[in-house]
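Per-entry structural report
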Amino acid sequence: MADTDWENCYRTGDTQWDKGKPSPGLVDWLAAHPDLPRGSVINPGCGFGYDIREWAKAGFDAVGYDIAPSAVDGATAKTSEPNATFKLGDFLEDEPTEQYDWIFEHTFYCAVNPSRRPDYLNAIKRWLKPGGQFLAVHYFISDEDGPPFGTDHDEVHARFSDDFELLEDWVPRSYPNRTDLERMFWWCRKDRVL
Ligand SMILES: C[S@@+](CC[C@H](N)C(=O)[O-])C[C@H]1O[C@@H](n2cnc3c(N)ncnc32)[C@H](O)[C@@H]1O
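The residue numbering used here restarts from 1 in each chain and proceeds along that chain's sequence as written. Local features in this predicted model are restricted to residues of pLDDT 70 or higher, and side-chain atom pairs are both shown and tallied only at a pLDDT of 80 or more, whereas totals for entire chains, interfaces and linings draw on every residue. Just so you know, side-chain values use all the structure's heavy atoms and leave hydrogens and water out.

**Comments concerning the packing of aromatic side chains**
Here a Phe, Tyr or Trp ring, Trp counted by its six-membered ring, pairs with any other such ring whose centre lies within 6.5 Å, and the pair is stacked when the planes are under 30 degrees apart, edge-to-face when over 60, and tilted otherwise. Going through the model one piece at a time under the given rule, you end up with 27 aromatic pairs. Aromatic pair Trp55 and Phe104: ring centres 5.8 Å apart, planes at 55°, arrangement tilted. Separated by 49 residues along the polypeptide, Trp55 in helix H3 (residues 50–57) and Phe104 in strand S4 (residues 100–106) bring together distant segments of the chain. Note on Trp55: relative accessible area 0%, which makes it buried. Only when the NZ atom of a Lys or the CZ atom of an Arg is both within 6 Å of the ring centre and within 35 degrees of the ring normal do we say a charge sits over the ring. Directly above the aromatic system of Tyr175 lies the positively charged group of Lys19, at a separation of 6.0 Å from the ring centroid. The helix and strand labels rest on DSSP assignments: H or I over at least four residues marks a helix, E over at least two residues marks a strand, and numbering proceeds from the N terminus. Each residue's exposure class comes from its accessible area (1.4 Å probe, protein chains only) as a fraction of the maximum for that residue type: buried when under 20%, exposed when over 50%, partly exposed otherwise.

Right, here's the structure in full:
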């Protein structure tokens, strides 16, 4: 199966995933946790940056990372928060120049071909600080004929639970056409320094 040409999707406007606003589940989670210590967060596959602007408004040093130049340019043009920046790169392949306190996932896992999920796990471990936290909105649909490639609770749990402690998982508020198809997972790396 050919890899998706993400830059071409942006250039031709083939961006059905783009809802023009942040993940409702992220908005609710940030509002519910005003007391979490602030730090750095990276959002791989950030698209036009709706989610990363929410992290920045909540006081985090927020970095969106995307492989498509048009996504990075568009996100930058839409953003005025000084603590939000956007970088061009391949999250699965690149060596991080720094590690982050948080990684936020939303519609990136489902964009990656399932054959590359081991690379995805390794990338999360490379980019996250020891003891860092990983917040994910996963899409519970079929894993065939993607992207989007779906997943389910068992697959997500099996993928991450060796390296991460699951703090909580729940059904979030969603965009109308994804209601009851999303589940959020909040993980902490098991190698946290106590
Ligand atoms: C389905 S879109 C989701 C965009 C955004 N999260 C949203 O919900 O609007 C997937 C995004 O992942 C980006 N992407 C795909 N593979 C990538 C990779 N290896 N590294 C970084 N970004 C990647 C694409 O360019 C695209 O912007």
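**Let's talk about the site of the ligand**
The criterion for a residue being near a molecule or strand is simple. One of its heavy atoms has to lie within 4 Å of it. Within the structure, the ligand sits among 17 residues, and Tyr10, Gly45, Asp66, Asp90 and Thr107 are positioned closest to it. Any pair of nitrogen or oxygen atoms within 3.5 Å is treated as a polar contact; in protein, a donor-acceptor pairing is required on top of that, and neighbouring residues in sequence qualify only through side-chain atoms on both sides. Within the side chain of Tyr10, one N or O atom sits 2.5 Å away from an oxygen atom of the ligand. A distance of 2.7 Å separates an oxygen atom of the ligand from a polar atom in the side chain of Thr107. Surface accessibility follows the Shrake-Rupley procedure with a 1.4 Å probe radius. Residue values consider only the protein chains on display as shielding. The protein chains hide 94% of the 590 Å² of surface that the ligand would expose on its own.

**Some words on the pairing of strand S3 (residues 84–88)**
Any two strands are treated as partners once DSSP identifies two or more bridges connecting them. Here strand S2 (residues 61–66) runs beside S3; their pairing, made up of five bridges, is parallel. Within S3, the residue paired with Ala62 across the bridge is Ala84. At this point the chain moves from S2, through helix H4 (residues 69–77), to the parallel S3, and the crossover so formed is right-handed. With the strands aimed away from the viewer, a crossover counts as right-handed if its path from the first strand over the helix to the second runs clockwise.

**Looking at the sheet that holds strand S1 (residues 40–44)**
The strand order across the open sheet formed by seven strands is S3-S2-S1-S4-S5-S7-S6, and the pairing between neighbours is mixed. Each end of this open sheet is capped by a strand with a single partner; those strands are S3 and strand S6 (164–170). Each strand of the sheet is rotated relative to its neighbour by a mean of 20°, with strand direction disregarded. Bridging between S1 and S2 involves five bridges; their strand directions are parallel. Counterpart to Ile42 in the pairing with S2 is Val63. In what follows, residue pairs with any heavy atoms lying within 4.5 Å of each other are defined as contacts. To obtain each axis, a line is fitted to C-alpha atoms, and for helices this fit is confined to the stretch in contact; angles are then taken between N-to-C directions over 0 to 180 degrees. Strands S4, strand S5 (128–139), S6 and strand S7 (182–189) of the sheet are contacted by helix H2 (residues 24–32), whose axis makes an angle of about 50° with S7. The strands touched by helix H5 (residues 117–127) within the sheet are S1, S2, S4, S5, S6 and S7, with S5 carrying the most contacts at an inclination of about 140°.

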